[in-house]
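Residues per chain are reported as follows:
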Amino acid sequence: MNVLVINAGSSSLKFQLLDVDTREVYAKGNCERIGIDGSFVGYESIAVEGKQKIEAPLPDHKTAMQYVIDIINATGKDFIGIGHRVVQGGWYFPESKVVTDESLGWVREVAPLAPLHNYAEADAIEVCRELFPDKGNVVVADTSFHYAIPERAHRYALPRDVVDKLHIRKYGAHGTSHRYIWRATKEFLGDDCHKLVSCHLGSGASLCAITDGRNMDTTMGLTPLDGLIMGTRCGTIDPATVCYLQRVGGYSVDEVDTMMNKQSGLLAVSGISSDSRDIELAADDGDNNARMAIEMFAYRTAQLVCEMAQANEGIDTIAFSAGIGENSSTMRAEIAKKLAWLGVKIDDEKNRVRSDKVREISAADSKIRVLVVPTNEEYMIALDVAELLG
Ligand code: AMP
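Residues numbered from 1 in each chain as written. Predicted model: local features only at pLDDT ≥ 70, side-chain atom pairs only at ≥ 80, totals over all residues. Heavy atoms only, no water.

### Topic: the sheet that holds strand β1 (residues 2–8)
Rules: Strand pairing is assigned whenever DSSP identifies at least 2 bridges connecting the two strands. Comment: elements are numbered from the N terminus, with helices defined as DSSP H or I runs of at least four residues and strands as E runs of at least two. Contact criterion: two residues are considered in contact whenever any of their non-hydrogen atoms come within 4.5 Å of each other. Each axis is a line fitted through C-alpha atoms, and for a helix only the stretch in contact is used; angles between axes span 0 to 180 degrees, taken between their N-to-C directions.
What the eight strands build is an open sheet, ordered β5-β4-β3-β2-β1-β6-β8-β7; its pairing is mixed. Every interior strand has two partners, whereas the edge strands, β5 (48–55) and β7 (97–98), have only one. With two bridges connecting them, β7 and strand β8 (residues 136–141) associate as antiparallel partners. In the strand pairing of β8, Val-98 is matched with Val-138. Along the sheet, helix α15 (residues 377–389) makes contact with β1, β2 (12–19), β6 (81–86), β7 and β8, crossing β6 at roughly 130 degrees.

### Structural notes on the packing of aromatic side chains
The criterion, for reference: Stacked, tilted and edge-to-face are the three classes applied to pairs of Phe, Tyr and Trp rings, where Trp contributes its six-membered ring and a pair requires centres within 6.5 Å; stacked means planes under 30 degrees apart, edge-to-face means over 60, and tilted covers the rest. Throughout this description, buried means an accessible area under 20% of the type-specific maximum (1.4 Å probe, protein chains only), exposed means over 50%, and partly exposed covers the range between.
Within the structure shown, the criterion is met by five aromatic pairs. Arranged with centres 5.4 Å apart and planes meeting at 35 degrees, the rings of Trp-91 and Tyr-92 form a pair that is tilted. Judged by relative accessible area, Trp-91 falls into the partly exposed class, the value being 23%. Accessibility expressed as a relative area gives 19% for Tyr-92, which makes it buried. Plain terms: the ring middles of Tyr-92 and Trp-106 are 4.7 Å apart, the flat faces sit at 5 degrees to each other, and that makes the pair stacked. On the criterion of sequence distance, the pair formed by Tyr-92 in the loop between β6 and β7 and Trp-106 in helix α2 (residues 101–109) is long-range, its members being 14 residues apart. Taking relative accessible area as the criterion, Trp-106 reaches 18% and is therefore assigned buried. One aromatic cluster is present, formed by Trp-91, Tyr-92, Phe-93 and Trp-106 through successive ring pairs.

### A short note on helix α10 (residues 276–284)
Counted only if it meets this: Comment: arc refers to directions from the helix axis out to C-beta atoms.
For α10, every residue scored as buried is listed here: Ser-276, Ile-279, Glu-280, Ala-282 and Ala-283. Summarising the axial view, the buried residues of α10 lie within an arc of 165 degrees, below the 170-degree limit, and thus occupy one face. Seen from the buried face of α10, the exposed residues on the opposite side, beyond 90 degrees, are Arg-277, Leu-281 and Asp-284. Against the buried residues of α10 lie α9 (265–270), α11 (288–312), α12 (322–327) and α13 (329–338). Gly-286 occupies a position one or two residues after α10 and carries a positive phi of about 95 degrees.

Honestly, that's just the spatial picture; any functional story needs more than this.
Have a look at this one:
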(Lines give C-alpha, C1' and ligand atoms only; values in the text may rest on other atoms or scores of the structure.)
Protein backbone atom coordinates (compact mmCIF):
# COMPACT_ATOMS: atom_id res chain seq x y z
CA MET A 1 0.00 0.00 0.00
CA ASN A 2 1.68 3.23 -1.17
CA VAL A 3 1.32 6.62 0.47
CA LEU A 4 2.58 10.06 -0.49
CA VAL A 5 3.87 12.02 2.50
CA ILE A 6 4.15 15.80 2.34
CA ASN A 7 6.01 17.98 4.82
CA ALA A 8 5.56 21.62 3.84
CA GLY A 9 7.44 24.51 5.38
CA SER A 10 7.11 28.20 4.59
CA SER A 11 9.75 27.99 1.83
CA SER A 12 10.18 24.25 1.36
CA LEU A 13 8.18 21.14 0.53
CA LYS A 14 9.55 17.71 1.35
CA PHE A 15 7.92 14.65 -0.16
CA GLN A 16 8.25 10.90 0.02
CA LEU A 17 6.41 8.11 -1.77
CA LEU A 18 6.67 4.88 0.16
CA ASP A 19 5.15 1.45 0.57
CA VAL A 20 3.90 0.98 4.14
CA ASP A 21 4.07 -2.82 3.90
CA THR A 22 7.65 -3.15 2.68
CA ARG A 23 8.84 0.31 3.85
CA GLU A 24 10.38 0.70 0.40
CA VAL A 25 10.82 4.35 -0.63
CA TYR A 26 10.07 4.91 -4.34
CA ALA A 27 10.83 8.63 -4.45
CA LYS A 28 11.80 11.33 -2.01
CA GLY A 29 13.02 14.86 -2.20
CA ASN A 30 12.70 18.47 -1.24
CA CYS A 31 11.53 21.54 -3.13
CA GLU A 32 13.67 24.29 -1.64
CA ARG A 33 13.64 28.09 -1.61
CA ILE A 34 9.98 28.31 -2.66
CA GLY A 35 9.15 31.96 -3.29
CA ILE A 36 12.85 32.89 -3.10
CA ASP A 37 15.56 33.27 -5.79
CA GLY A 38 17.58 30.15 -6.52
CA SER A 39 14.80 27.62 -5.97
CA PHE A 40 15.31 23.99 -6.92
CA VAL A 41 13.97 20.46 -6.47
CA GLY A 42 16.42 17.87 -5.17
CA TYR A 43 15.24 14.25 -5.29
CA GLU A 44 15.96 10.57 -5.64
CA SER A 45 13.68 8.07 -7.33
CA ILE A 46 13.54 4.49 -8.52
CA ALA A 47 12.98 5.95 -12.00
CA VAL A 48 16.45 7.52 -12.23
CA GLU A 49 20.00 6.72 -11.09
CA GLY A 50 21.50 8.86 -8.34
CA LYS A 51 20.62 12.21 -6.84
CA GLN A 52 18.80 14.64 -9.12
CA LYS A 53 18.49 18.41 -9.06
CA ILE A 54 16.02 20.48 -11.07
CA GLU A 55 16.79 24.19 -10.97
CA ALA A 56 13.58 26.05 -11.71
CA PRO A 57 11.60 29.01 -10.43
CA LEU A 58 9.20 27.88 -7.67
CA PRO A 59 7.07 30.96 -6.98
CA ASP A 60 4.62 29.02 -4.78
CA HIS A 61 3.80 25.59 -3.32
CA LYS A 62 1.46 24.80 -6.21
CA THR A 63 4.28 25.08 -8.72
CA ALA A 64 6.47 22.94 -6.47
CA MET A 65 3.70 20.28 -6.28
CA GLN A 66 3.58 20.12 -10.09
CA TYR A 67 7.21 18.99 -10.05
CA VAL A 68 6.43 16.48 -7.31
CA ILE A 69 3.60 15.05 -9.42
CA ASP A 70 5.95 14.56 -12.39
CA ILE A 71 8.51 12.84 -10.16
CA ILE A 72 5.84 10.57 -8.62
CA ASN A 73 4.30 9.75 -12.02
CA ALA A 74 7.72 8.76 -13.36
CA THR A 75 7.92 5.98 -10.74
CA GLY A 76 4.81 4.35 -12.26
CA LYS A 77 3.44 3.82 -8.74
CA ASP A 78 -0.05 4.80 -7.64
CA PHE A 79 -0.82 5.69 -4.04
CA ILE A 80 -3.87 5.48 -1.77
CA GLY A 81 -3.69 8.92 -0.23
CA ILE A 82 -1.57 11.78 1.01
CA GLY A 83 -0.34 12.29 4.56
CA HIS A 84 0.49 15.83 5.64
CA ARG A 85 2.78 16.62 8.52
CA VAL A 86 1.21 19.50 10.45
CA VAL A 87 3.32 21.10 13.17
CA GLN A 88 0.49 22.34 15.38
CA GLY A 89 -2.80 20.49 15.68
CA GLY A 90 -3.98 22.50 18.69
CA TRP A 91 -7.02 21.10 20.43
CA TYR A 92 -8.55 19.72 17.23
CA PHE A 93 -6.22 16.83 16.47
CA PRO A 94 -5.83 14.45 19.42
CA GLU A 95 -5.30 11.94 16.63
CA SER A 96 -4.71 12.02 12.88
CA LYS A 97 -7.78 12.96 10.84
CA VAL A 98 -8.97 12.84 7.23
CA VAL A 99 -9.01 16.27 5.61
CA THR A 100 -12.42 17.85 5.04
CA ASP A 101 -13.32 21.52 4.59
CA GLU A 102 -13.91 21.61 8.34
CA SER A 103 -10.64 19.99 9.43
CA LEU A 104 -8.65 22.11 6.97
CA GLY A 105 -10.23 25.14 8.66
CA TRP A 106 -8.96 23.83 12.02
CA VAL A 107 -5.37 23.73 10.73
CA ARG A 108 -5.73 27.45 9.93
CA GLU A 109 -7.60 28.25 13.15
CA VAL A 110 -4.75 27.01 15.34
CA ALA A 111 -2.08 28.56 13.10
CA PRO A 112 -1.38 31.51 15.46
CA LEU A 113 0.32 28.92 17.69
CA ALA A 114 2.73 28.00 14.84
CA PRO A 115 2.40 30.72 12.20
CA LEU A 116 5.60 29.85 10.35
CA HIS A 117 4.37 26.32 9.67
CA ASN A 118 0.60 25.85 9.77
CA TYR A 119 -0.35 28.37 7.10
CA ALA A 120 2.12 26.81 4.64
CA GLU A 121 0.90 23.32 5.54
CA ALA A 122 -2.76 24.33 5.05
CA ASP A 123 -1.85 25.82 1.66
CA ALA A 124 -0.09 22.59 0.67
CA ILE A 125 -3.14 20.54 1.66
CA GLU A 126 -5.32 22.79 -0.45
CA VAL A 127 -3.01 22.39 -3.43
CA CYS A 128 -3.07 18.59 -3.07
CA ARG A 129 -6.86 18.54 -2.92
CA GLU A 130 -6.96 20.56 -6.12
CA LEU A 131 -4.29 18.58 -7.99
CA PHE A 132 -5.39 15.11 -6.79
CA PRO A 133 -9.18 15.42 -6.50
CA ASP A 134 -9.63 11.64 -6.27
CA LYS A 135 -7.14 11.14 -3.40
CA GLY A 136 -7.84 11.48 0.29
CA ASN A 137 -5.64 13.67 2.47
CA VAL A 138 -4.81 13.09 6.14
CA VAL A 139 -3.54 15.56 8.74
CA VAL A 140 -0.89 14.02 10.98
CA ALA A 141 -0.14 16.64 13.61
CA ASP A 142 3.14 16.66 15.51
CA THR A 143 1.22 17.57 18.65
CA SER A 144 -1.33 14.69 18.55
CA PHE A 145 0.71 12.18 20.50
CA HIS A 146 1.20 14.70 23.31
CA TYR A 147 -2.49 15.49 23.65
CA ALA A 148 -2.98 12.61 26.08
CA ILE A 149 -0.37 13.93 28.55
CA PRO A 150 -1.97 14.05 32.04
CA GLU A 151 -3.35 17.45 33.05
CA ARG A 152 -0.84 17.86 35.88
CA ALA A 153 1.88 17.92 33.22
CA HIS A 154 0.21 19.84 30.40
CA ARG A 155 -1.53 22.59 32.42
CA TYR A 156 0.24 25.92 32.91
CA ALA A 157 -0.22 27.51 36.35
CA LEU A 158 -1.55 30.74 34.89
CA PRO A 159 -5.04 32.14 35.59
CA ARG A 160 -7.67 29.71 34.32
CA ASP A 161 -9.61 32.32 32.33
CA VAL A 162 -6.46 33.37 30.46
CA VAL A 163 -5.40 29.79 29.80
CA ASP A 164 -8.88 28.87 28.55
CA LYS A 165 -9.35 31.94 26.39
CA LEU A 166 -5.98 31.64 24.67
CA HIS A 167 -5.84 27.81 24.63
CA ILE A 168 -2.54 27.85 26.51
CA ARG A 169 -1.15 24.41 27.45
CA LYS A 170 1.78 22.18 26.76
CA TYR A 171 1.31 21.00 23.15
CA GLY A 172 4.82 19.66 22.64
CA ALA A 173 6.39 18.81 19.27
CA HIS A 174 8.15 15.91 17.51
CA GLY A 175 5.16 13.80 18.58
CA THR A 176 5.20 11.70 15.41
CA SER A 177 8.89 10.99 15.92
CA HIS A 178 8.43 10.04 19.58
CA ARG A 179 5.52 7.78 18.61
CA TYR A 180 7.75 6.07 16.03
CA ILE A 181 10.63 5.76 18.53
CA TRP A 182 8.31 4.05 21.01
CA ARG A 183 7.10 1.64 18.34
CA ALA A 184 10.62 0.80 17.08
CA THR A 185 11.97 0.42 20.63
CA LYS A 186 9.14 -1.90 21.55
CA GLU A 187 9.70 -3.94 18.39
CA PHE A 188 13.36 -4.26 19.37
CA LEU A 189 13.06 -4.95 23.10
CA GLY A 190 9.61 -6.54 23.36
CA ASP A 191 8.48 -7.10 26.93
CA ASP A 192 11.72 -5.67 28.37
CA CYS A 193 10.51 -2.14 27.65
CA HIS A 194 7.69 -0.41 29.55
CA LYS A 195 9.07 2.95 30.67
CA LEU A 196 10.90 4.73 27.89
CA VAL A 197 12.54 8.13 27.76
CA SER A 198 12.69 9.04 24.10
CA CYS A 199 15.35 11.63 23.20
CA HIS A 200 14.82 13.32 19.82
CA LEU A 201 18.07 15.31 19.59
CA GLY A 202 18.30 17.22 16.33
CA SER A 203 18.56 20.90 15.51
CA GLY A 204 15.25 21.00 17.37
CA ALA A 205 15.33 18.71 20.40
CA SER A 206 12.81 17.27 22.82
CA LEU A 207 12.39 14.39 25.22
CA CYS A 208 9.26 12.39 25.86
CA ALA A 209 8.23 10.10 28.72
CA ILE A 210 6.29 7.09 27.46
CA THR A 211 4.81 4.36 29.66
CA ASP A 212 3.46 1.36 27.76
CA GLY A 213 2.69 3.56 24.76
CA ARG A 214 1.01 6.31 26.81
CA ASN A 215 2.57 9.73 26.65
CA MET A 216 3.25 10.96 30.20
CA ASP A 217 5.12 14.20 29.54
CA THR A 218 7.36 15.99 27.10
CA THR A 219 9.89 18.80 27.34
CA MET A 220 8.55 21.21 24.74
CA GLY A 221 5.65 23.42 25.73
CA LEU A 222 3.16 25.78 24.16
CA THR A 223 5.76 26.12 21.41
CA PRO A 224 8.93 24.24 20.39
CA LEU A 225 11.08 26.80 22.26
CA ASP A 226 10.77 25.11 25.64
CA GLY A 227 12.93 22.40 27.19
CA LEU A 228 16.40 21.55 25.95
CA ILE A 229 18.99 23.94 24.58
CA MET A 230 18.85 23.52 20.79
CA GLY A 231 20.85 24.56 17.73
CA THR A 232 19.66 28.17 17.84
CA ARG A 233 16.92 28.04 20.52
CA CYS A 234 17.54 28.84 24.18
CA GLY A 235 15.17 26.23 25.62
CA THR A 236 13.85 26.74 29.15
CA ILE A 237 14.94 29.98 30.79
CA ASP A 238 13.41 31.95 33.65
CA PRO A 239 10.27 33.38 31.97
CA ALA A 240 10.99 36.74 33.64
CA THR A 241 14.04 37.03 31.39
CA VAL A 242 11.63 37.88 28.57
CA CYS A 243 10.23 40.86 30.51
CA TYR A 244 13.71 41.92 31.62
CA LEU A 245 15.03 41.90 28.06
CA GLN A 246 12.20 44.19 27.03
CA ARG A 247 12.01 46.49 30.05
CA VAL A 248 15.69 46.89 30.82
CA GLY A 249 17.38 45.68 27.62
CA GLY A 250 15.09 47.77 25.40
CA TYR A 251 14.45 44.87 22.97
CA SER A 252 11.11 44.72 21.17
CA VAL A 253 8.82 41.66 21.32
CA ASP A 254 9.97 40.58 17.85
CA GLU A 255 13.62 41.08 18.72
CA VAL A 256 13.29 38.90 21.81
CA ASP A 257 11.42 36.29 19.77
CA THR A 258 14.20 36.25 17.15
CA MET A 259 16.91 36.21 19.82
CA MET A 260 15.41 33.23 21.64
CA ASN A 261 14.61 31.23 18.50
CA LYS A 262 17.41 32.07 16.09
CA GLN A 263 20.39 33.52 17.96
CA SER A 264 20.59 31.40 21.10
CA GLY A 265 21.26 27.77 22.04
CA LEU A 266 24.41 25.97 20.90
CA LEU A 267 25.13 28.81 18.47
CA ALA A 268 25.16 31.42 21.24
CA VAL A 269 27.09 29.39 23.80
CA SER A 270 29.74 28.15 21.37
CA GLY A 271 29.95 31.38 19.39
CA ILE A 272 30.88 29.09 16.48
CA SER A 273 27.94 27.27 14.98
CA SER A 274 24.54 25.76 15.67
CA ASP A 275 25.79 22.46 14.23
CA SER A 276 27.16 20.03 16.78
CA ARG A 277 29.68 18.66 14.24
CA ASP A 278 31.43 22.05 14.05
CA ILE A 279 31.24 22.40 17.81
CA GLU A 280 32.74 18.96 18.43
CA LEU A 281 35.63 19.74 16.08
CA ALA A 282 36.29 23.07 17.82
CA ALA A 283 36.09 21.39 21.24
CA ASP A 284 38.67 18.83 20.10
CA ASP A 285 40.91 21.78 19.17
CA GLY A 286 40.59 23.08 22.72
CA ASP A 287 37.96 25.80 22.26
CA ASN A 288 36.48 26.44 25.72
CA ASN A 289 33.17 27.89 24.52
CA ALA A 290 32.63 24.84 22.30
CA ARG A 291 33.38 22.60 25.27
CA MET A 292 30.86 24.51 27.38
CA ALA A 293 28.20 24.14 24.63
CA ILE A 294 28.66 20.34 24.70
CA GLU A 295 28.74 20.31 28.50
CA MET A 296 25.52 22.34 28.76
CA PHE A 297 23.71 20.27 26.15
CA ALA A 298 24.68 17.01 27.85
CA TYR A 299 23.88 18.37 31.33
CA ARG A 300 20.44 19.63 30.32
CA THR A 301 19.63 16.41 28.45
CA ALA A 302 20.62 14.29 31.47
CA GLN A 303 18.60 16.55 33.75
CA LEU A 304 15.54 16.25 31.52
CA VAL A 305 15.95 12.46 31.26
CA CYS A 306 15.44 12.47 35.04
CA GLU A 307 12.44 14.78 34.73
CA MET A 308 10.90 12.41 32.18
CA ALA A 309 11.77 9.39 34.36
CA GLN A 310 9.74 11.03 37.14
CA ALA A 311 6.81 11.48 34.74
CA ASN A 312 7.09 7.74 33.99
CA GLU A 313 7.65 6.91 37.66
CA GLY A 314 10.53 4.81 36.47
CA ILE A 315 12.78 4.23 33.51
CA ASP A 316 13.95 1.03 31.87
CA THR A 317 15.05 2.38 28.47
CA ILE A 318 16.58 5.50 26.95
CA ALA A 319 16.39 5.89 23.16
CA PHE A 320 18.57 8.39 21.27
CA SER A 321 17.31 9.65 17.92
CA ALA A 322 17.52 12.43 15.26
CA GLY A 323 20.67 14.13 13.90
CA ILE A 324 22.66 14.38 17.13
CA GLY A 325 21.13 11.37 18.88
CA GLU A 326 21.71 9.05 15.92
CA ASN A 327 25.14 10.33 14.87
CA SER A 328 27.06 11.87 17.72
CA SER A 329 28.75 9.16 19.78
CA THR A 330 30.48 11.98 21.70
CA MET A 331 27.21 13.54 22.85
CA ARG A 332 25.67 10.16 23.71
CA ALA A 333 28.73 9.31 25.80
CA GLU A 334 28.66 12.68 27.58
CA ILE A 335 24.98 12.31 28.43
CA ALA A 336 25.44 8.72 29.62
CA LYS A 337 28.38 9.78 31.82
CA LYS A 338 26.14 12.27 33.60
CA LEU A 339 23.54 9.55 34.20
CA ALA A 340 26.07 7.04 35.57
CA TRP A 341 24.77 7.61 39.13
CA LEU A 342 21.43 6.24 37.90
CA GLY A 343 23.12 3.07 36.67
CA VAL A 344 23.38 4.07 33.01
CA LYS A 345 26.47 2.57 31.39
CA ILE A 346 27.20 2.47 27.70
CA ASP A 347 29.58 0.18 25.86
CA ASP A 348 32.11 2.47 24.14
CA GLU A 349 32.68 0.11 21.25
CA LYS A 350 28.97 -0.33 20.55
CA ASN A 351 28.49 3.42 20.90
CA ARG A 352 31.01 4.04 18.11
CA VAL A 353 29.25 1.77 15.57
CA ARG A 354 27.50 3.69 12.80
CA SER A 355 24.35 2.16 11.35
CA ASP A 356 20.90 3.12 10.14
CA LYS A 357 19.37 0.26 12.16
CA VAL A 358 17.99 0.22 15.70
CA ARG A 359 20.84 -0.87 17.98
CA GLU A 360 21.63 -1.24 21.64
CA ILE A 361 24.65 0.65 22.99
CA SER A 362 24.34 -0.05 26.72
CA ALA A 363 26.85 -2.25 28.52
CA ALA A 364 25.70 -5.68 29.70
CA ASP A 365 25.65 -4.46 33.34
CA SER A 366 23.81 -1.19 32.67
CA LYS A 367 20.67 -0.85 34.82
CA ILE A 368 18.94 0.97 31.99
CA ARG A 369 18.96 -0.16 28.37
CA VAL A 370 20.23 2.49 25.97
CA LEU A 371 19.31 2.31 22.27
CA VAL A 372 19.96 4.33 19.15
CA VAL A 373 16.74 4.45 17.13
CA PRO A 374 16.86 6.15 13.71
CA THR A 375 13.59 8.01 13.54
CA ASN A 376 11.19 7.71 10.61
CA GLU A 377 8.38 10.23 10.80
CA GLU A 378 7.37 9.64 7.18
CA TYR A 379 6.71 5.96 7.83
CA MET A 380 4.61 6.82 10.90
CA ILE A 381 2.60 9.34 8.86
CA ALA A 382 2.12 6.78 6.08
CA LEU A 383 0.88 4.22 8.61
CA ASP A 384 -1.80 6.66 9.80
CA VAL A 385 -2.87 7.28 6.21
CA ALA A 386 -3.05 3.53 5.56
CA GLU A 387 -5.18 3.08 8.67
CA LEU A 388 -7.59 5.93 7.84
CA LEU A 389 -7.81 5.50 4.06
CA GLY A 390 -6.52 2.01 3.32
P1 AMP B 1 18.10 16.98 12.50
O2 AMP B 1 17.42 18.25 12.87
O3 AMP B 1 17.53 15.77 13.13
O4 AMP B 1 18.29 16.84 11.01
O5 AMP B 1 19.57 17.10 13.11
C6 AMP B 1 20.47 18.05 12.61
C7 AMP B 1 21.64 18.17 13.54
O8 AMP B 1 22.24 16.88 13.79
C9 AMP B 1 22.76 19.00 12.96
O10 AMP B 1 22.59 20.34 13.26
C11 AMP B 1 23.96 18.46 13.63
O12 AMP B 1 24.17 19.23 14.78
C13 AMP B 1 23.60 17.06 14.07
N14 AMP B 1 24.43 16.04 13.41
C15 AMP B 1 24.19 15.44 12.23
N16 AMP B 1 25.17 14.55 11.95
C17 AMP B 1 26.04 14.59 12.98
C18 AMP B 1 27.25 13.92 13.29
N19 AMP B 1 27.77 13.00 12.48
N20 AMP B 1 27.87 14.23 14.46
C21 AMP B 1 27.37 15.15 15.28
N22 AMP B 1 26.22 15.81 15.04
C23 AMP B 1 25.56 15.56 13.91
